[in-house]
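Listed below are the residues making up each chain.
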Amino acid sequence: MPEGDTIFRAATALRKALVGARVKQFQSARLGRGPIGERIEEVAARGKNLLLRFEKGRTLRTHMMLQGSWHLYRAGERWRRPAFQARVALEADNGMVAVCFAAPIVEWLRPGSLDLGPDATADAFDAEEAVRRLQWLREMPIEEALLTQSAMAGVGNVIKCEALFACRIDPFAPVASLPLETLQALVAGCHRLLVRNRVQGPRTARESLSGERMWVYGRARQPCFVCGDEIRAERTARINYFCSRCQRSAGRPRPPADRSARPRT
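Everything numeric here is computed off the predicted structure, so don't read it as measured data.

Ordered in space as E1-E6-E7-E5, the four strands form an open sheet in which the pairing is antiparallel. In the strand order of this sheet, the two ends are held by strand E1 (23–27) and strand E5 (69–74), each with one partner. When strand polarity is set aside, the average angle formed by the axes of neighbouring strands in this sheet is 15 degrees. Relative to strand E7 (residues 96–101), E5 is paired through six bridges, and the arrangement is antiparallel.

To continue, consider unusual backbone geometry. A positive phi angle is found at Met65, which is not glycine, with a value near 50 degrees. Judged by relative accessible area, which is 41%, Met65 ranks as partly exposed. At Arg221, a residue that is not glycine, the phi angle is positive and equals roughly 70 degrees. By the element assignment, Arg221 lies in the loop between helix H5 (180–196) and strand E9 (231–235).

The way to describe two aromatic rings as a pair is by their centre distance and the angle between their planes. All told, the structure shown has eight aromatic pairs when counted by the stated rule. With centroids separated by 5.8 Å and ring planes inclined at 85 degrees, the aromatic side chains of Trp79 and Phe101 adopt a geometry described as edge-to-face. Taken together, the residues span a long stretch of sequence, with Trp79 in the loop between E5 and strand E6 (86–92) and Phe101 in strand E7 at a distance of 22 residues. Taking the relative accessible area as the measure of exposure, Trp79 reaches 28% and is therefore partly exposed. Measuring from ring centre to ring centre gives 5.5 Å for Phe172 and Phe242, while their planes differ by 90 degrees; the resulting arrangement is edge-to-face. One end of the pair, Phe172, is in the loop between helix H4 (157–166) and H5; the other, Phe242, is in strand E10 (residues 239–243), with 70 residues separating them in the sequence. Each member of the pair, Phe172 together with Phe242, is buried. Through a chain of ring-to-ring contacts, the aromatic side chains of Phe26, Phe54 and Trp108 assemble into a single cluster. Positioned over the ring face of Phe165 is Arg168, at 4.3 Å from the centre of the ring. When the ring centre of Phe225 is taken as reference, the NZ or CZ atom of Arg219 above it lies at 3.9 Å.

In this section: the pattern of salt bridges. Taken as a whole and judged by the stated rule, the model has 14 salt bridges. Note that Arg198 is salt-bridged to Asp123, the shortest N-O span being 3.0 Å. Within this pair, whereas Arg198 is found in the loop between H5 and E9, its partner Asp123 is found in the loop between strand E8 (105–108) and helix H2 (127–136), the two being separated by 75 residues in sequence. Each of the salt bridges in this network shares a partner with another, and the network as a whole consists of Glu42, Arg46 and Arg53.

Parameters at a glance
Residues numbered from 1 in each chain as written. Predicted model: local features only at pLDDT ≥ 70, side-chain atom pairs only at ≥ 80, totals over all residues. Heavy atoms only, no water. Pairing = 2+ DSSP bridges. Helix = DSSP H or I, 4+ residues; strand = E, 2+ residues; numbered from the N terminus. Axes fitted to C-alpha atoms, helices over the stretch in contact; angles between N-to-C directions. Buried < 20%, exposed > 50% of the residue type's maximum accessible area, 1.4 Å probe, protein only. Phe/Tyr/Trp six-rings, centres within 6.5 Å; stacked < 30°, edge-to-face > 60°. Lys NZ or Arg CZ within 6 Å of the ring centre and 35° of its normal. Salt bridge = Lys/Arg side-chain N within 4 Å of Asp/Glu carboxyl O.

Here it is in structure tokens:
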């Protein structure tokens, strides 16, 4: 599931392969005339957006949502996904081919169109500003607020569930109910998890000799590693995985459990 850490890794790989090269071929049914002959000036991750900036100023924006991915190939190498899923394919004059598959958002970036909060995947993350923006969302459940990219960019459902568990926070608590120091610890926890997972390898939230990489995500109806209670999965806009004992918030009603919720999104 692409989140800020995944996009950071993809941007790093594309940057090493493409920056400084010129576009030899460019194919996309959505984008019209491509930047043929232009130098690729920059590849950057901005939250969960991957941006490619070209010599004459245009910037390609892609957002993976749940199913999209960027692949790198040598010219002539067989693609690992079918061609009909390709949303954009770019061949550079250095022999590298970058293909974006199945991304629902592939567009030329319009000035001012990215309304993003501080990028929690970046080293220069402004945690204080992220906390301030989250505080604006006073009545919003914290599980929803963490996914609001205009407050804090880069956090997706996996990081959200794991950070909430690590801080022992009820996912459905309104932002305004959380003390400042709790909100600060949660923001720091999201940043720590995203930075930790910027390198290659499966995403992890816990160290374990048993091989279990997550505390709660994807573990519905399995025992909590801390207290032994059953991990619950309840759906709002996304599925929330949590331990009702460890993340208890006394007296606060929760939405009824969605029994159709599956152990992954």
